Every structure is written in structure tokens, then in C-alpha cells.
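Residue strings, one per chain:
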Amino acid sequence: MTYKVFTGAPGSEPIPPLEKDRWLFKEFADLDEALAWAQGLKQRGAVPMLIEGDDSTRMDKRAIATALQHREREVTRS
């Protein structure tokens, strides 16, 4: 499996499907790595806009934010 994390600037509009090839992205072997990268982007002031996997996974900006909040709560509980 591969997962692409598409990156944007704060305030960016959602990525139009036909323009995805023009946006920056990085590929990862699993979803956990992709989410860890997205978390690092957020800490550096960039915005993880979209995560797409070749297994049909699709997380928009809101879904990513929710997943990252959940990850942060889990780390805090440990």
C-alpha cells in the first residue's frame, strides 16, 4: 500500500480532483507514517490537505485534523 500526503499553505482551499498532480505530496508505505508526517507538517505551520491511499483511503483536511487530535490525546494519556 502507498499513501500520499498532499500539502498546502494555511488557508488553502480544498484540492480540486483535477489539480492534484500540481500539488506537493510525499508518499508513505503505511497510514501511520502518513499521519506522522501530517502531524509534523502541522507543527511546522504547513497544512496536510489530503491523504489518499491506493486502497481507496481518502482523508480530507477535516478528517486529518480529527485523526491528529486523536493521536495527540493518545500520546498525552501514555
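A.B. asks: Tell me about helix α1 (residues 31-43), residues and numbers included.
C.D. replies: Compared with an ideal rise of 1.5 Å per residue, which puts 13 residues at 18 Å, α1 spans 18 Å between its outermost C-alpha atoms and is within 8% of the ideal. The secondary structure elements touched by the buried residues of α1 are β1 (3-8), β2 (24-28), β3 (47-53), β4 (58-60) and α2 (61-77). Structurally, the start of α1 carries an N-cap: the backbone nitrogen of Asp32 is 3.1 Å from a side-chain oxygen of Asp30. Two residues or fewer after α1 comes Gly45, characterised by a positive phi angle close to 95 degrees.

A.B. asks: Give a description of the sheet that holds β2 that names residues and reports values.
C.D. replies: Read from one edge of the open sheet, four strands run β2-β1-β3-β4, paired in antiparallel fashion. The open sheet terminates on both sides in strands that have one partner only, identified here as β2 and β4. Going across the sheet, the axis of each strand differs from the next one's by a mean of 20 degrees, ignoring polarity. Strand direction decides the pairing type here: β1 and β2, joined by five bridges, are antiparallel. Each bridged residue has a counterpart across the sheet, and for Val5 the counterpart in β2 is Lys26. Docked against the sheet, α1 engages β1, β2, β3 and β4, running at close to 10 degrees with respect to β1.

So, how was this worked out
- Per chain, residue numbering runs from 1 following the sequence as it is written.
- Side-chain atom pairs in this predicted model are given and counted only at pLDDT of 80 or more, local residue features only at pLDDT of at least 70, and totals for whole chains, interfaces and linings cover all residues.
- To get the side-chain values, all heavy atoms of the structure are used, and hydrogens and water are removed first.
- Per the convention used, a helix needs a DSSP run of H or I reaching at least four residues, while a strand needs a run of E reaching at least two, with both numbered from the N terminus.
- Here, expected helix span is obtained from the residue count minus one, scaled by 1.5 Å.
- Residues count as neighbours in contact if any of their non-hydrogen atoms are within 4.5 Å of one another.
- In protein, a polar contact requires one atom able to donate a hydrogen and another able to accept it; more generally it is a pair of N or O atoms within 3.5 Å, and residues adjacent in sequence count only if both atoms are side-chain atoms.
- Pairs of strands are assigned from DSSP output, requiring at least two bridges between the strands.
- Lines fitted to the C-alpha atoms define the axes, with helices restricted to the stretch that makes contact. Angles between their N-to-C directions range from 0 to 180 degrees.

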